[in-house]
Amino acid sequence: MDRILIEALDVETTIGVYEWERTITQRLRLDLELATDIRPAAAADDIGLTLDYAAISQRIHAFAAEHAFALVETFAERLAACLREEHGIAWLRLTVRKPGAVASAAAVGVTITRGTPPSSEEDR
Ligand SMILES: Nc1nc2c(c(=O)[nH]1)N=C([C@H](O)[C@@H](O)CO)CN2
């Protein structure tokens with residue numbers, strides 16, 4: 001199955017388990033792989049027949065601005081559900097990194113995959 005990519009998308013959100021983290025916004029860095037068949041869009045050269053990565057990126061910024069969670073796990077799970085529901089995405093992989101959260105690490109975070117990857121002959 002083909003995949004639409006969104007890599008190193010930086011968003012600002014309220015996130016953290018500590019009291020002081022509830023009063024500020026912090027940066028999360030997101031990587032996404034979204035399964036879709038790109039052939040109809042490519043054949044017709046039509047943005048309406050694919051997942052619009054610009055529109056999805058905008059939606060992610062809005063989601064981050066609208067929500068405040070303690071855990072990056074919750075952010076990832078809720079965002080994945082939101083994107084799958086609103087865009088009919090059958091399968092996705094989402095990595096959420098919180099740069100600077102652990103001073104001795106470049107980043108910490110989570111990777112989740114949700115849904116069933118639609119199979120195609122090319123994958124066999
Ligand atoms: N598995 C997790 N561990 C931790 C998280 C988290 O979201 N998931 N969060 C924190 C704190 O908010 C930390 O990022 C503040 O620097 C600690 N551990």
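Everything that follows concerns the structure shown earlier in this document.
Predicted, not measured: the structure shown is a model, and the values here were computed from it.

Can you lay out the overall build of the protein chain for me, pointing to particular residues and giving the numbers?
A tally of regular secondary structure across the protein chain gives three helices and five strands. Traced from its N-terminal end to its C-terminal end, the protein chain shows the element sequence β-β-α-α-β-α-β-β. Across the 124 residues that make up the protein chain, the buried fraction comes to 19%. Considering only contacts in the protein chain between residues 6 or more positions apart, those separated by 24 or more positions represent 61%.

Quick rundown of the site of the ligand? Include the residues and the values.
Neighbouring the ligand are the residues G16, V17, Y18, E21, L71, V72, E73, K98 and A101. Among the residues making up the shell around the ligand, the classes are represented as five nonpolar, one polar and three charged.

Before we move on, could you go through unusual backbone geometry and cite the residues and values that matter?
Even without glycine at this site, A8 takes up a positive phi of about 55°. Structurally, A8 is set in strand β1 (residues 3-15). Despite not being glycine, D45 has its phi angle at roughly 50°, a positive value. Locating D45 in the fold gives a position in the loop between α1 (39-44) and α2 (53-66).

Can you lay out the pairing of strand β4 (residues 91-99) for me, pointing to particular residues and giving the numbers?
Alignment of strand β2 (residues 26-35) against β4, held across six bridges, turns out to be antiparallel. Each residue of the ladder has a partner; that of D31, found in β4, is T95. The pairing of β4 with strand β5 (residues 107-115) spans nine bridges and is classified as antiparallel. Within β5, the residue paired with L94 across the bridge is I112.

Tell me about helix α3 (residues 72-87), residues and numbers included.
Every α-helix carries 3.6 residues per turn, so stepping three or four residues along brings you back to the same face. Along its 16 residues, α3 runs 22 Å from first to last C-alpha, staying within 8% of the 22 Å computed at 1.5 Å per residue. Among the residues making up α3, those that are buried are V72, F75, A76, L79, A80 and L83. Taken end-on, α3 shows its buried residues confined to a sector of 120°, consistent with a single buried face. Facing away from the buried side of α3 by more than 90 degrees, the exposed set consists of A81 and E85.

Which residues make up the packing of α2 against α3, and what values do they have?
Direction vectors running N to C along α2 and α3 enclose 135°, while the axes themselves pass 11 Å from each other. Considered as vectors, α2 and α3 are oriented oblique to each other. Seen from above, α2 lies across α3 with right-handed handedness. Residue-level contacts link I56, R59, I60 and F63 of α2 to L79, C82, L83, E86 and H87 of α3. Grouping the constituent residues of the contact of α2 with α3 by class yields six nonpolar, one polar and two charged.

Calculation criteria
- The residue numbering used here restarts from 1 in each chain and proceeds along that chain's sequence as written.
- Per-residue local features of the predicted model are confined to residues with pLDDT of at least 70, and side-chain atom pairs are confined, for both listing and counting, to 80 or more; whole-chain, interface and lining totals are unaffected and use all residues.
- Secondary structure elements are defined from DSSP: runs of H or I of at least 4 residues count as helices, runs of E of at least 2 residues count as strands, and each element is numbered from the N terminus.
- Burial is judged by counting other C-beta atoms within 10 Å of a residue's own C-beta: 20 or more means buried, 12 or fewer means exposed, and anything between counts as partly exposed, with every C-beta placed from the backbone.
- By the convention adopted here, residues are in contact when the distance between their C-beta atoms, placed from the backbone, does not exceed 7 Å.
- For each residue, a C-beta atom is placed from the backbone, and the residue counts as near a molecule or strand when that atom lies within 6 Å of it.
- Under the scheme applied, nonpolar residues are Ala, Val, Leu, Ile, Met, Phe, Trp, Tyr, Cys and Pro; charged residues are Asp, Glu, Lys and Arg; polar residues are all the others, including Gly.
- Two strands qualify as a pair provided that DSSP identifies no fewer than 2 bridges between them.
- The span one expects for a helix is its residue count, reduced by one, times 1.5 Å.
- The directions considered for the arc are those from the helix axis to the C-beta atoms.
- Axis lines are fitted to C-alpha atoms, over the contacting stretch for helices. Their N-to-C directions set the angle, which ranges from 0 to 180 degrees.
- Roughly parallel means an angle under 35 degrees; roughly antiparallel, over 145; roughly perpendicular, 65 to 115; everything else is oblique.
- Two helices crossing with the near one rotated counterclockwise from the far one by less than a right angle form a left-handed crossing, whereas a clockwise rotation gives a right-handed crossing.

By themselves, these observations are geometric and do not establish any function.
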